[in-house]
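Structure at a glance
For reference, the chains in residue letters:
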Amino acid sequence: MRTQVVGIGAGGHARVVLDILGALPWVQVVGLVDNDPSLFDTRVSGVPVLGPDAILGELHREGVRAAFIGVGSVGDTSLRIRLYEMARALGFEIVPAIHQGACVSAAAELGAGPTVMPGAVINACAVLGANVIVNSGAIVEHDCRVADHVHIASGACLAGAVRVGRGAFVGARAVVRQRIVIGDGAVVGAGAVVVRDVRPGAVVTGVPARERTAAEAGIGAAGCGSAC
Ligand code: JB2
């Protein structure tokens, strides 16, 4: 019997996760929830948008016990964290979404609900927490420690034994040198080359990466700007 799954979020990231789950014979995605009313009763990649988050409890009572977090977030991971915690509190298991074209070492450890996109590499003895995204073509090298809710964006590279703190974001094509520590909630901009530890909550961009103010990094109320 297939596992019934609901997706939380119906934007670009959800479409990529649906693509991955569509190839898994044990998964049946029954629908998506999204708080944008203009999406209700539409379809995303052929999957119906059933309504807002408020209907998740009802879906759970009807027997849907698994979910995926379909919101990706760029720069600011707080929405993904909130949605993951909401889904867990309602009793949903978060399904793993690992693309068949990703390369995950048998000696790596992945936490609950990982999202691993096409072409990603997770090498031996890397340890990932819950709700982590390793996006398309990103590399998490051997012995890295990646905490809960981290997003490693497309093409980023964590060299060996890098530590990334809870809810941090590493932007597209960023490179992080061996043994660097990136603090909780920190943001590494796209294309940055990180050669020094990054303190919790800091934003770093550039080559070599330097700490910036939110204004310098183009981060406003809506999250990360072009720097991410
Ligand atoms: O509280 C919410 C909520 N807030 C926003 N609950 C639910 N269920 N959905 C929420 N959303 C919805 O997330 C928005 O209404 C919108 O439909 C969706 C976000 O879609 P968007 O395409 O803007 O972003 P994304 O998070 O799917 O993708 C971003 O992150 C990916 C990792 C994009 O920037 C992608 O390019 C990127 N690859």
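It should be noted that the structure appears before, not after, this text.
Below: a short report on this structure. This is a predicted model, so every value here is computed, not measured. (Residues numbered from 1 in each chain as written. Predicted model: local features only at pLDDT ≥ 70, side-chain atom pairs only at ≥ 80, totals over all residues. Heavy atoms only, no water.)

**Concerning the sheet that holds strand E20 (residues 181–182)**
Sheet architecture is open: four strands sit in the order E11-E14-E17-E20, paired in parallel fashion. Single-partner strands in this sheet number two, and they are strand E11 (127–128) and E20. Sheet topology note: the strand E17 (residues 163–164)/E20 ladder contains two bridges and is parallel. Of the residues in E20, the one forming a bridge with Arg-163 is Val-181. (Pairing = 2+ DSSP bridges. Helix = DSSP H or I, 4+ residues; strand = E, 2+ residues; numbered from the N terminus.)

**What about the site of the ligand?**
The full set close to the ligand counts 21 residues, and Gly-12, His-13, Asp-34, Asp-53 and Gly-72 are the nearest of them. A distance of 2.7 Å separates an oxygen atom of the ligand from a polar backbone atom of Gly-72. Taking Ser-73, its main chain carries an N or O atom lying 3.3 Å from an oxygen atom of the ligand. In the complex, 65% of the free accessible area of the ligand, which totals 760 Å², lies under the protein chains. When contributions to the shell around the ligand are tallied by element, the ones reaching two or more residues are helix H1 (12–21) and helix H3 (78–89). (Near = heavy atom within 4 Å. Polar contact = N/O pair within 3.5 Å; in protein donor to acceptor, adjacent residues only side chain to side chain. Areas by Shrake-Rupley, 256 points an atom, 1.4 Å probe, with all protein chains shown as cover.)

**Quick notes on the nonpolar core**
With 33 residues, the main nonpolar core has Val-134, Val-140, Val-146, Leu-158, Val-170 and Ile-182 as its most contacted residues. Membership of the second largest hydrophobic core comes to 18 residues, among which are Val-5, Ala-10, Leu-32 and Val-47. (Core = buried A, V, L, I, M, F, W, Y, C linked by side-chain atoms within 4.5 Å. Buried < 20%, exposed > 50% of the residue type's maximum accessible area, 1.4 Å probe, protein only.)

**Observations regarding unusual backbone geometry**
Note that the residue after Val-207, namely Pro-208, is joined by a cis bond; omega there is -10 degrees. Within the secondary structure, Pro-208 is located in the loop between strand E23 (203–205) and strand E24 (210–212). Not every positive phi belongs to a glycine, and Asp-41 is a case in point at roughly 65 degrees. Asp-41 sits in the exposed class, given a relative accessible area of 73%. One non-glycine residue, Arg-173, adopts positive backbone phi at about 65 degrees. Locating Arg-173 in the fold gives a position in the loop between strand E18 (169–170) and strand E19 (175–176).

**Description of the pattern of salt bridges**
Applying the stated criterion to the full structure yields three salt bridges. Note that Arg-166 is salt-bridged to Glu-85, the shortest N-O span being 3.2 Å. Pair noted here: Arg-166 is in the loop between E17 and E18 and Glu-85 is in helix H3, with a separation of 81 residues, a long-range link. Judged by relative accessible area, which is 42%, Glu-85 ranks as partly exposed. With a shortest N-O distance of 3.8 Å, Arg-88 and Glu-93 are connected by a salt bridge. (Salt bridge = Lys/Arg side-chain N within 4 Å of Asp/Glu carboxyl O.)

**Section: the environment of Gly-72**
Within the secondary structure, Gly-72 is located in the loop between strand E5 (66–69) and H3. With 139 residues separating them in the primary sequence, Gly-72 and Glu-211 have C-alpha atoms 24 Å apart. Residue contacts for Gly-72: discarding those within four places in its chain leaves His-13, Arg-80, Ile-133 and His-151. (Contact = heavy atoms within 4.5 Å.)

**Comments concerning the layout of surface pockets**
Put simply, the largest pocket is a space of about 180 Å³. If you trace the largest pocket, you find it lined by Val-194, Val-195, Arg-196, Asp-197, Val-198, Arg-199, Ala-202, Val-204, Pro-208, Ala-209, Arg-210 and Glu-211. Taken together, the residues of the lining of the largest pocket break down into seven nonpolar, no polar and five charged. (1 Å grid on protein atoms, 1.4 Å probe; cavity = no way out; pocket = protein on both sides within 12 Å on 5 of 7 lines; lining within 4 Å. Points joined across faces, edges and corners; volume = space filled by probe spheres on them. Nonpolar A, V, L, I, M, F, W, Y, C, P; charged D, E, K, R; others polar.)

**Some details on the state of the cysteines**
Summed over all chains, the structure comprises zero disulfides. Cys-125 forms no disulfide, and the closest cysteine sulfur to it belongs to Cys-144, at a distance of 11 Å. Cys-125 sits in the partly exposed class, given a relative accessible area of 36%. Cysteine Cys-157 shares no disulfide, and the gap to the nearest cysteine sulfur, in Cys-144, comes to 8.3 Å. We classify Cys-157 as partly exposed; its relative accessible area is 21%. (Disulfide = S-S within 2.5 Å.)

**Describing the environment of Arg-199**
Inspection of the secondary structure assignment puts Arg-199 in the loop between strand E22 (193–194) and E23. Residues Arg-199 and Gly-165, spaced 34 residues apart in sequence, show a C-alpha to C-alpha distance of 9.6 Å. Ignoring any residue separated from it by four or fewer positions in sequence, one finds Arg-199 in contact with Gly-183, Ala-186 and Glu-211. A distance of 2.6 Å separates polar atoms of two side chains, one belonging to Arg-199 and the other to Glu-211.

The quantities given are spatial measurements derived from coordinates; they are silent on function.
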